[in-house]
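Here is how the chains run, residue by residue.
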Protein chains: 4
Amino acid sequence: MDLVLDKFHEECGVFGIFGHHEASTIAQLGLFALQHRGQEACGIVSSDGDDLHQFRSQGLVADALSEDVLKRLIGSSAIGHTRYSTAGKNTIKEVQPFSVTCQHGQIAVCHNGNLPYAAEKRRELEQAGAIFSSTSDTETLLHGIARTPASDVYEAIEKVLKETEGAFSLLFLTPKSLIAIRDPRGFRPLVLGKLHGAWCVASETCAFDLIDAEYIREIEAGEMLIIDENGLHSSKPFIEKPKSVCIFEHVYFSRPDSTIFGKSVNESRHKMGKQLAIEQPCDADLVVPVPDSGVAAAIGYANQSGLNYRQAIIRNHYVGRTFIEPSQSIRSFGVRLKLNPIKDLINGRRVVLVDDSIVRGTTSKKIVEMVRDAGAKEVHMRVSCPPTISPCYYGVDTPCKDDLIAARFSSPPAKGALAAFNSPPGLRRGDAASAAGWSADGVVLSAPAETNIQAICEYIGADSLGYLSLEGMLEATGLDPATACTSCWTGKYPTLIPNGKAP
Amino acid sequence: MDLVLDKFHEECGVFGIFGHHEASTIAQLGLFALQHRGQEACGIVSSDGDDLHQFRSQGLVADALSEDVLKRLIGSSAIGHTRYSTAGKNTIKEVQPFSVTCQHGQIAVCHNGNLPYAAEKRRELEQAGAIFSSTSDTETLLHGIARTPASDVYEAIEKVLKETEGAFSLLFLTPKSLIAIRDPRGFRPLVLGKLHGAWCVASETCAFDLIDAEYIREIEAGEMLIIDENGLHSSKPFIEKPKSVCIFEHVYFSRPDSTIFGKSVNESRHKMGKQLAIEQPCDADLVVPVPDSGVAAAIGYANQSGLNYRQAIIRNHYVGRTFIEPSQSIRSFGVRLKLNPIKDLINGRRVVLVDDSIVRGTTSKKIVEMVRDAGAKEVHMRVSCPPTISPCYYGVDTPCKDDLIAARFSSPPAKGALAAFNSPPGLRRGDAASAAGWSADGVVLSAPAETNIQAICEYIGADSLGYLSLEGMLEATGLDPATACTSCWTGKYPTLIPNGKAP
Amino acid sequence: MDLVLDKFHEECGVFGIFGHHEASTIAQLGLFALQHRGQEACGIVSSDGDDLHQFRSQGLVADALSEDVLKRLIGSSAIGHTRYSTAGKNTIKEVQPFSVTCQHGQIAVCHNGNLPYAAEKRRELEQAGAIFSSTSDTETLLHGIARTPASDVYEAIEKVLKETEGAFSLLFLTPKSLIAIRDPRGFRPLVLGKLHGAWCVASETCAFDLIDAEYIREIEAGEMLIIDENGLHSSKPFIEKPKSVCIFEHVYFSRPDSTIFGKSVNESRHKMGKQLAIEQPCDADLVVPVPDSGVAAAIGYANQSGLNYRQAIIRNHYVGRTFIEPSQSIRSFGVRLKLNPIKDLINGRRVVLVDDSIVRGTTSKKIVEMVRDAGAKEVHMRVSCPPTISPCYYGVDTPCKDDLIAARFSSPPAKGALAAFNSPPGLRRGDAASAAGWSADGVVLSAPAETNIQAICEYIGADSLGYLSLEGMLEATGLDPATACTSCWTGKYPTLIPNGKAP
Amino acid sequence: MDLVLDKFHEECGVFGIFGHHEASTIAQLGLFALQHRGQEACGIVSSDGDDLHQFRSQGLVADALSEDVLKRLIGSSAIGHTRYSTAGKNTIKEVQPFSVTCQHGQIAVCHNGNLPYAAEKRRELEQAGAIFSSTSDTETLLHGIARTPASDVYEAIEKVLKETEGAFSLLFLTPKSLIAIRDPRGFRPLVLGKLHGAWCVASETCAFDLIDAEYIREIEAGEMLIIDENGLHSSKPFIEKPKSVCIFEHVYFSRPDSTIFGKSVNESRHKMGKQLAIEQPCDADLVVPVPDSGVAAAIGYANQSGLNYRQAIIRNHYVGRTFIEPSQSIRSFGVRLKLNPIKDLINGRRVVLVDDSIVRGTTSKKIVEMVRDAGAKEVHMRVSCPPTISPCYYGVDTPCKDDLIAARFSSPPAKGALAAFNSPPGLRRGDAASAAGWSADGVVLSAPAETNIQAICEYIGADSLGYLSLEGMLEATGLDPATACTSCWTGKYPTLIPNGKAP
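Residues numbered from 1 in each chain as written. Chains lettered and ligands numbered in written order. Predicted model: local features only at pLDDT ≥ 70, side-chain atom pairs only at ≥ 80, totals over all residues. Heavy atoms only, no water.

**Some details on the overall build of chain A**
Summing up its helical and strand segments, chain A has 19 helices and 30 strands in all. The buried share among the 503 residues of chain A stands at 65%. Counting only contacts in chain A whose residues sit at least 6 apart along the sequence, the fraction spanning at least 24 positions is 70%. Surface accessibility of chain A: about 17000 Å² in total, with carbon and sulfur atoms responsible for 48%. (Helix = DSSP H or I, 4+ residues; strand = E, 2+ residues; numbered from the N terminus. Buried < 20%, exposed > 50% of the residue type's maximum accessible area, 1.4 Å probe, protein only. Contact = heavy atoms within 4.5 Å. Areas by Shrake-Rupley, 256 points an atom, 1.4 Å probe, with all protein chains shown as cover.)

Quick look at the structure:
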C-alpha cells in the first residue's frame, strides 16, 4: 500500500556550496531542508580542488547521507540533489548528481527542471555515437558539453545551453568551480546565499535558513553564475525570453517558509485562501485544512470568511514505504495511513475542507468519504488554485491528461478550436506564438475547455466544490501575470512542445 | 546532533488484538498509529494458539516491522509495543514485548506505565534467586508471576498485581488468550475496540481509527480483561483506589484525534488555549503555535483573544537520528533542524508563541531567539499548562527535578514546610496521605514553592511569559479534578514514593 | 538449497581473556580461529571492571563482530562464543554469552557441552518460579547460581556445578573475574594460554596460535580456574569421575593444527589413516580425500598403503547461506556447491575415497555418484572411524538414532540383550554402571548391534566400504582408551541419560 | 589488517547463458564457481527479449546476488562478472557488466582481460566528445561501438575489436543475443558449454561442472560467437595473430578442477611439482604445500622426490574484510589470519615449502618465519614457476616492476642491452618484433637480467630457494611454448606496450 498522495510532484531540489571547509556537511543540511522536493533518492558530489567525489543512494537525506558518507566526500565545494522519481526507472543510475570525465575534465551536474526536447536530442546524440547510462534528460546536456569544442568548460556549457529549450535550474561542479544557471524563462527557482564567506545556491531559501546563511538574491532567469576562488562571475549569455515562472511553486511545491521568485510563499497561500473565500464563499461551521499543504490557505479562508478555523484532520508524519493492507480491506486505507479526522470536532458540523489542488481526484474522494464517516453534516471542498487540466513539461511529475480529473470532466470546445489556436499547420518553434498571441514561442496544446465542476463535485462526493480563479490565484502571489507559467491550468505552454503531444 | 526536543516523553504505546487472522499485520498498523508514544524501538509477539512468536527491534514501526517480519509472526492474536528509551540502557534486551516461559507456560507482556517500587522489588527477587535480563521494571512482574503458585496464569497475574503499586496499562499474551489490565488509579489510558468480530486494545483510540475498528469503551481503572475464544471476561480484582489519570496525556502526549479518559484531546487543548487567553492575555499582532503540539491551544487562544492566528513556524517532519553540526556552529542549530520561522510574517510583528509546556527551558530559549532573529518586535510565550516542577513516577520520562526550569527558578518555601506536609518522619506507605490530606496514600515530595515566572521569562529571553493555571487546565479537560494526577505540576503524588526521593 | 554437509556438528567454541587492554579485539580473533566450531551466531561480553557489555548476533565472527561493535565492548576482560544452532529455535535469544544480573551481581556465561538433565532441571526451576528466556540448557545453570545462597559468586557456581551432570566447558565473566571450568569427565576440551601477561582460555589451541599466545596447559577435567587481578586460582571442587573425553574432536571437530587433550589432532588423523589402510586395504589407483576433513587421514592411508595420493576433489570455500536450485534440477546439487571432482584425474581410475565419518549417508551417496560421473572405474569408501550408531548427549548435534545410517542398517541383537546390559529395571543413576561394568555411572542405551556394512555400501553406491575399528581409532589418538567417550560408536554412555531415551 | 595475500590477481571471471528460463539463477551459480577470479564485486545483466536488467554490487556472489535480486533479473539470457578491484577506484561505477543505450540499441558488456592502449584511446575519445563514467578500459569499447556506423551491433563490435590491441575475453548481451569473443592471441580463457539446450560461456570449465552443463570446447583465439534464437554463429573476423595464452592461469589463477586451453590445470601443477623436484631437489623430511595453491605441485614434488608429503600448514577459509591488529602487534599477523602451521609436525624437521609463485616476497618471508617459529630445523622454499620479473598488461593485477622481488634482486645487464633488443629507437608497433625476433609485434621492456636467487633467499629467510625453469614449467603444461605468453617471467611482451613503459 503506497503512501503517496495524489499530488503533482516537484521533481527535485538542488543545493550547492563553494568555499566552505565542511562543504559536504553543509550540503547534506541544505538537502535535508529541501527534502520535500524529492524523497526517493539523493546524492552529493564534492570537490577537493583536484578530484570530484560522488555518492548517490536511494532513500532520504538523513538516512542515505550518513556521517560515514560525508567523511568520504572531502573538499570545500559540493553540489547535491534530492529526487522524486517517477515509476519504472527507479534505479541508482538515474540518481543525480551525475559525475563524468570528458575532454573538459571532470564535471558533475544536478538539475531541477525538464528539457522537453531531450528525447529528440538523445536520438541525435545516439546517432552521433553517444552512449547513455540513464534515461535522464540531464545526461543529454553532458553529452552536448563533452562534444562541444571550447576553450574551457564554461564556454562549452554556455554553447550547449544556448541551444537548449526547457526548464533548467542547473548546478555544475568542476574540480575548481561551481556553476549555477537558470534558464531564460526562469521556470524553476534558484537562489543565492552567503555563509561565512562561502557562496551557496539552493532551490529554496529555506535551505539557507537551516544553515543560517544569508539570502542574497534570486539567481536571475537567464543568468549563469561561475563561482571559483576569484569569487562570483555573473553573465547573461542566453537569448532573453519572456519570464515564465512556475506558479505551482507558490501553490504547493515550495515550503511556506521559503521566498520564491522574491515573494513569500506563505503570504501567497494565505492570500489565495482569502481570495478563495471571496470567490467561493460557503455557509458552514468549520474551516478545516487538508494538512499540511492546505493550512495557510485555510487560515486565509477562515480569516476572510469569519468562519471558525480548526485543524480537524490530523496527519501522521511517520513514514513508511509500504504497508500491507489487510485482506478485509479498510475504508479509505491509503489516506488513513496519513490522515485522521477528529470525530468530536467534525460530528454534526458543516465542514469546509481547503486543499491546495485536486489532481486525479482519488485522494479527495477518500478524504471527503472519511470526513463524512466522521459525522460531518455537510462537506464543502474549496481548492486554492484553478482546475488542473494539462500536464507539465517543465520539471513537474504530472499524470497524463486523461488522468487529470478536471480534464476528464470538461465540455470539449467545438472542433477546430485547437487548430485555430495553433495554426498554421507545420508548426515550428516560434510560429505558434504569434498565431496565438501569447509569449514569444508559446503554444496551446488543447483549446481551453470548460471544466464541469459539478461533475467533479459529484465524483469526489462533496456537497459543493469551488476552485480559485486563475486571476485570483495570480493576484495572490503578487507576481506579474505576464511572467507566470500557468500551463497546467490553461494548457497554454510558453514553449513549443515536441510533436505538440503530451508527455 | 540530536533532534529530540525538550519535552516530557511518554514512555510507550501498546496495542493488542485477539481473533483476527491477520493479527500481526493489524498490530503493526495499530503501532504505526501509536508511533508518537515511542520512536526508539518496537516489537510484536503473536500467538498461533500453541506457541508465541517474538520480534523486537530498534527503530520505527514502518522500518522495523517489515513484511518479512510480519510473515513470521503467525497466528490470530498479537500484542505490540512502541518504546521511547531513556539514555544509557538502549539495548535490544530492554525492548518489549518480553516473552518468557515459566510454570504457567509461555507468556508475553508489554507495559505502559511505571512501577515506582520495582527497584526495591528487584532486590528482593534477586535475593530470592531471580535472574534479570533487562533493567526494566516490567521484568519484575514476570518474576512475580512465575513465582506465584496458582491454578492458572490469570490467578497468578491477579495475585501479583494486587501487590503492585504504580502505573500499569498492561497487555499479556498467552498461547490461548490476551489479557488487558489497567491499574486501580488508571494513570495511563487503555481502550477497547472491536474489528470485524475481533477484539482489540490500544493506548489511544487513534489506533482504532486507522484500522477502522469501532471504539467500544475505556478499559476501566482497576479492570482486568481476559479475552479468549470464549469472548470477553471482565473483573475488578484489585482494591479500589482513587482514580488518578495523567493529565499530561491531554496536554501533550496523546494525539489530538484520540479520545482519552472519555474526552477528546483536541477539545481539551482548544479549551486550554481559550482559558490561557483569558488568564494570560497579551497585546500582540499574531498568535503562533510551536508546532505541532501547540497548534490546538494556539487556535483556542486566537479564537478567544480575537488575535490573528498564523502558522508562522514551519516544522520539518523528515527525521534523522543525528546530524553533524558544522564546526562554525549554527545559531539554534538543534531547533532549526525541526523548526523554521517565516520571516515575512514575523518581521516587525508582536508575536504570541503558544507551546504546550516548558521543561528544561533550553528549547524555548532557542525558539524565542530564532523568532527574534526572524525580526519579531516582541515575543510573548504562553504555555497551556502550569509550570512543571516535579518528576513523574508513573511512566513518563522526565528530567530530574534540578533540570526542570520551573523547579530551579522558584522561591523555596520556608524550612520545615516539607516536613509539615509529610510528617511524621519514618514515613510509611499510607501515612503521608492522611497527614497531607490528599488521596489515600499520596505524598508530597516537595512543598509547593512559588515559581519565579519572571526569572524563567528572562532565561528564555521572552518579553512576557504566562502559564495556564492548574484549575484552568483541569477545567479545560472536562475531567473531575479529584480523579486527576497532577504530580508534575504540584509535587503531590497519589502514591508513596520509595524513600521519598526523586528517581 | 542448504550448504551444510551431512556431519556431526560441534555445538560451539569458547574463548576468554583476562587482563588485556584490548580484550574484545583479542576475543574476536580467538573466536575467528574457532569459527569452525560454530558458524551460525556469535557474541562477546566484556567487562570494564564495573559493568559487563554484551553483543550477540547471527552470522560469522568477521561480519558480526565489526570494528564498531568491538569499540563498544570496552574493558580488559572478555568472553566469547561461536555457535552452531540446531534447527527451529534459531533466534537471537539463544545466542551466547548470556549476561544477567542476580543476587551475586552481574554474570555472563558461555558454554561448550550439553547438560542431559537440563529439561528435567528446567521443569523443577519453573515450578520453583523461574522464568526462561531461551530454550538453552545453559540458562538452567544461571538460575541455579542465582538461587544458591553463597558468600560469593564463586561459591554459588561451585555448588551448582557439583550437582550438575553432563558435559561443560564453561566460561563465566563477572565484572572483576573470569572463571573457566571443565566438567569432571572432561568431555569437551578447554585450554589455558598466556599472552603478554594476560591469561586466555579457549576451546582449542589454534586460537592461541592466531594471537601468538603461549599454550600453557589443558584446563583439567574437574578443574575450576578463577582468574582475577590477583592471578590464577585453581581448585578441583567436584567429585572426581572417570575421564571421558570426546574422541570425535580428534576425528572431525577440532582443527588439525590444534592440540586436544594433549595430543596433536593432525597426528591422530594421520595415524587413523594409516591404521585404516592396514585394517581396510584396497587395490586401487588413487587415494583421494573428501576435503577438507579427510585430508590428513587420506595422506596417512596413502603413506601406509603406498597408493598414489591425489587431491582430486576440489572444495569451493566461498560460502553462501542459500542458493536457489534450478527447477530442472542438477545432479548432486547440494554437494556440488561445495565439492567438484577433477575429471582428468579420476576418469578411468580406481579411487579410494577417505572420509572421516558417515552420518546419514546422504552426502556420501552424492559424492560417490559424483565421482562415478567423473569417470571413476571403481569407487571405494574408507572411513577413519567406526560406524556411528548412537546420538550424543554431550554437546554434539547428532541426528536422532533412526537417521544414523549405521543404526538403520544393522542386525538388531536378540531381544533382552539390552535388558541384560542395563538391569536391574527401575534404573537409577549409578546403578547401571556396576551392572554393566563400565565407568562409574554409565549406561547402555542400545545393545551393540552388528552394523550391516554391506547394506550401507550398497546404499551409498560404493564398490566397497571399510570403517576403522574402535580399537584402531583409539590407538591412533594415543589416548588411554579408559578415558575416552565412545558413546556415538558404541551406544555405551558414561553417564545416565534421562529416561534412558535418546534425545 | 588486510587479508589479501601477496599474489598476482586475476582481474575477473565472466559467465553467460542464452536460452534458459532461469538465466539469472544459472548465471549466479556460474559466477559462484568463478568466485576465485574476483571477490570484490559482481553483477549480472539479464535480457527478457526486449529490455536489459542490471544489478551490480560490491561483495561476494552469494551475498550480493540474493534471491530477491535474481527475481528482478528476468529473462532467458544473462551475462555476469566477478571482479577483483585494484585499489583507489573501488566504486560501484567500475563494477561490470556495464549496460548502456546507443544507436545500436541496448548493450551490456563484461570483460576479462586488459587493453594496454585504453588510456590513449580514451584521450582520443574524450577529444571527440565522449563522456566517461568509469575509469575502466572496457568503457572505451562501448564508446567505440556507439560511434561506429554499422548495419547492426555485431558489425559495430567487429569493427571496433579489429582495431583493438590487447587481451579480451568479452561477453556482450543485447536484448536478442549473447556475443562471446576472444582476442586473436587468446590471452585469457573462454569456454563454451551446453545445458539442457541452452548455450553457456564461462572463463573456466569449473562453472559448467557446478551447473552440470556439458563442456563443448574452447572459444578459439580470434573467434566471435553470436548466440541468438537461431543458434550459434561462429566467425573469425580478426587478423590472425600468434597465440599467446596466459600460463599463469595454469600456475595459479584457475581452479585445479578446470580445463584451461584444453589442458587440465591440476595435471599441469602436478607435473610442475615433479619437474621442480628434478630441477631443484632437496634433502629434507617433509614436503609441505603453502595452501591452497601449492597443494598440487607439492604432491607432485613429493611423488617425484620420494619425500614425505604432509599438509602441515592449515588455512582458515573463513573470510573477513578487515581485522584490527592489536597494538601489541602479533608476529606475522596478516599471514596468521589465513595460515597456521602444525607445530607437532614441523618441530625439529627439515621442511620443503612448495608455493606457486613469489611476488613481492613479503608473504613468503612471513611464512618462512612462521614455520621456523613452529620449530622447523630447516626451511627450503621451492617455487613452481620461474622468478616473476615483469608486470602484466593483459588482465592481471601485478605490482609495478620495482615491487617484484625478483626484479629488485637481479644483476642488471650491461647498459645498452635493452637498446639492443628494442632498437631502433623511436619504437613503433611492429618494429620491435622483427628487431627482437619474437612474435609478430612483440617487444622487450627490460632485457633479461639474471635474478639473484641467493639474495631473495636471504630476504625471505629460507635455507635454500629454488625456482622452476621456464622450460620446465612450459613442458609441464603440455602446451606448445610458441603459443604461450611468458611476459611476467621474461619481460618479453607479445604486443607493443604504450610508450614502452610499465603500467
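**Concerning the sheet that holds strand β12 (residues 214-218) of chain A**
Residues and elements named next belong to chain A. In space, the seven strands of this open sheet follow the order β4-β3-β5-β2-β11-β10-β12, with antiparallel pairing throughout. Strands with a single pairing partner mark the edges of an open sheet, and in this sheet they are β4 (52-58) and β12. Adjacent strand axes in the sheet meet at a mean angle of 15°, parallel and antiparallel pairs treated alike. Note that strand β3 (residues 41-47) and β4 share seven bridges and pair antiparallel. The partner of alanine 41 across the bridge, within β4, is glutamine 58. (Pairing = 2+ DSSP bridges. Axes fitted to C-alpha atoms, helices over the stretch in contact; angles between N-to-C directions.)

**Notes on the interface of chain B and chain A**
Each partner contributes to the interface: chain B provides 60 residues, whereas chain A provides 60 residues. Among the residues of chain B in contact with chain A, Phe32, Tyr318 and Ile324 of chain B are the three that bury the most area, contributing 13% of the side total. One can count six salt bridges joining chain B with chain A. Between lysine 343 of chain B and aspartate 209 of chain A there is a salt bridge, with its nearest N and O atoms 3.3 Å apart. The dominant element in the side of chain B that touches chain A, judged by the number of residues it contributes, is helix α1 (residues 23-33) of chain B, at six residues. (Buried area = accessible area lost by both parts, 1.4 Å probe. Salt bridge = Lys/Arg side-chain N within 4 Å of Asp/Glu carboxyl O.)

**Observations concerning the sheet that holds strand β9 (residues 178-182) of chain B**
Residues and elements named next belong to chain B. The six strands are arranged β6-β7-β8-β9-β13-β14 in an open sheet whose pairing can be described as antiparallel. Edge positions in the sheet fall to β6 (98-102) and β14 (231-235), since each has one partner strand and no second. Between one strand axis and the next, the sheet turns by 20° as a mean value, whatever way the strands run. Direction of pairing for β9 relative to strand β13 (residues 224-228): antiparallel, over a ladder of four bridges. When the bridges of β13 are listed, isoleucine 181 appears paired with methionine 224.

**Some details on the pairing of strand β18 (residues 286-289) of chain A**
Residue and element names in this part refer to chain A. Residues Leu286 and Val288 of β18 are buried on one face, and the alternating residues Val287 and Pro289, pointing to the opposite face, are buried as well. In the sheet, β18 pairs with strand β19 (residues 308-309) via two bridges, with the strands oriented parallel. Considered in β19, the bridge of valine 287 is made with tyrosine 309. Handedness of the crossover is the feature at issue here: the chain leaves β18, passes through helix α10 (residues 295-305), returns alongside β19, and the resulting connection is right-handed. In this structure, β18 lies alongside strand β22 (residues 350-355), joined through four bridges in parallel fashion. When the sheet's bridge partners are listed, valine 287 is paired in β22 with valine 352. (Right-handed = clockwise from strand over helix to strand, strands pointing away.)

**Considering the pairing of β14 of chain B**
Residue and element names in this part refer to chain B. Across five bridges, the pairing between β13 and β14 is antiparallel. The residue of β14 that forms the bridge with aspartate 228 is glycine 231. Between the antiparallel neighbours β13 and β14 lie two residues.

**Here we look at the interface of chain C and chain D**
If you look at the interface, chain C gives 60 residues, while chain D gives 60 residues. When residues of chain C are sorted by the area they lose upon contact with chain D, Phe32, Tyr318 and Ile324 of chain C head the list and together hold 13% of the total. For the pair chain C and chain D, the interface holds six salt bridges. Note that glutamate 267 of chain C and arginine 310 of chain D form a salt bridge whose closest N and O atoms lie 3.3 Å from each other. Of all the elements, helix α1 (residues 23-33) of chain C adds the most residues to the side of chain C that touches chain D, at six residues.

**Brief notes about the environment of glutamate 240 of chain D**
Residue and element names in this part refer to chain D. You can see glutamate 240 is positioned in the loop between β14 (231-235) and β15 (245-246). Given the relative accessible area of 76%, glutamate 240 is considered exposed. C-alpha of glutamate 240 to C-alpha of lysine 338: the two residues are 98 residues apart in sequence and 44 Å apart in space.

**Quick look at the relation of the copies chain B and chain A**
For the pair chain B and chain A, the relating rotation is 180°, the translation along its axis is 0.0 Å, and the fit reaches an RMSD of 0.1 Å. In short, the pair behaves as if placed about a two-fold rotation axis. It is histidine 317 of chain B whose C-alpha, among those of chain B, lies nearest the rotation axis, at 3.2 Å. When you check the interface residues of chain B against chain A, 100% turn up at the interface there too, and the contact is symmetric in its surfaces. (Least-squares fit on C-alpha atoms with pLDDT ≥ 70 in both.)

**Re the packing of aromatic side chains**
Aromatic ring pairs are described here by two measures, namely the spacing of the ring centres and the angle between the planes. The tally for this structure, following the rule as stated, stands at 40 aromatic pairs over all chains. An angle of 45° between the planes, with centres 6.1 Å apart, marks the rings of phenylalanine 409 of chain C and tyrosine 459 of chain C as tilted. You can see phenylalanine 409 of chain C sitting in the loop between α14 (405-408) and β25 (410-411) and its partner tyrosine 459 of chain C sitting in helix α17 (residues 453-460), a full 50 residues away along the chain. These aromatic residues form a ring-pair network of at least three members: Phe8, Phe248, Tyr252, Phe253 and Trp489 of chain A. One cation-aromatic arrangement involves arginine 408 of chain B over tyrosine 459 of chain B; the distance from NZ or CZ to the ring centre is 6.0 Å. Across from the ring centre of tyrosine 459 of chain D, 4.8 Å away, lies the NZ or CZ of lysine 365 of chain D, which sits over that ring. (Phe/Tyr/Trp six-rings, centres within 6.5 Å; stacked < 30°, edge-to-face > 60°. Lys NZ or Arg CZ within 6 Å of the ring centre and 35° of its normal.)

**What about the confidence of the model for chain A?**
Residue and element names in this part refer to chain A. Within chain A, residue pLDDT values average 89, and 89% of them lie at 70 or more. Confidence over residues 417-442 falls short of pLDDT 50; this stretch has 53 contacts with residues more than four positions distant or in other chains. Overall fold confidence (pTM) sits at 0.89, and the ipTM for the predicted complex is 0.90. (pLDDT = per-residue confidence, 0-100.)

**Brief notes about the relation of the copies chain C and chain D**
When chain C is fitted to chain D, the residual RMSD is 0.0 Å, and the transformation amounts to a turn of 180° plus an axial shift of 0.0 Å. Most of the interface of chain C is mirrored in chain D: 100% of its interface residues are interface residues there too.

**Focus on the packing of helix α4 (residues 118-127) of chain C against helix α5 (residues 138-147) of chain C**
Residues and elements named next belong to chain C. At a minimum axis distance of 10 Å, the contact between α4 and α5 shows a crossing angle of 45°. Our classification of the angle between α4 and α5 gives oblique. Like other packed secondary-structure pairs, α4 and α5 cross with a definite hand, here left-handed. Counting all contacts with α4, which are made through Ala118, Lys121, Arg122 and Leu125, the residues of α5 involved are Thr140, His143 and Arg147. Looking at the contact of α4 with α5 residue by residue, the classes come out as two nonpolar, two polar and three charged. (Parallel < 35°, antiparallel > 145°, perpendicular 65-115°, else oblique. Left-handed = near helix turned anticlockwise from the far one by under 90°. Nonpolar A, V, L, I, M, F, W, Y, C, P; charged D, E, K, R; others polar.)

**Observations regarding unusual backbone geometry**
Of note, the amide linkage connecting glutamine 96 of chain A to proline 97 of chain A takes the cis form, showing an omega dihedral of 0°. Take proline 97 of chain A: it is sitting in the loop between β5 (77-83) and β6 (98-102). Cis geometry is adopted by the peptide bond preceding aspartate 292 of chain B, which originates at proline 291 of chain B and carries an omega value of -10°. At histidine 196 of chain A, a residue that is not glycine, the phi angle is positive and equals roughly 45°. Secondary-structure assignment places histidine 196 of chain A in the loop between β10 (191-195) and β11 (198-202). Note on histidine 196 of chain A: relative accessible area 49%, which makes it partly exposed. One non-glycine residue, phenylalanine 261 of chain B, adopts positive backbone phi at about 55°.

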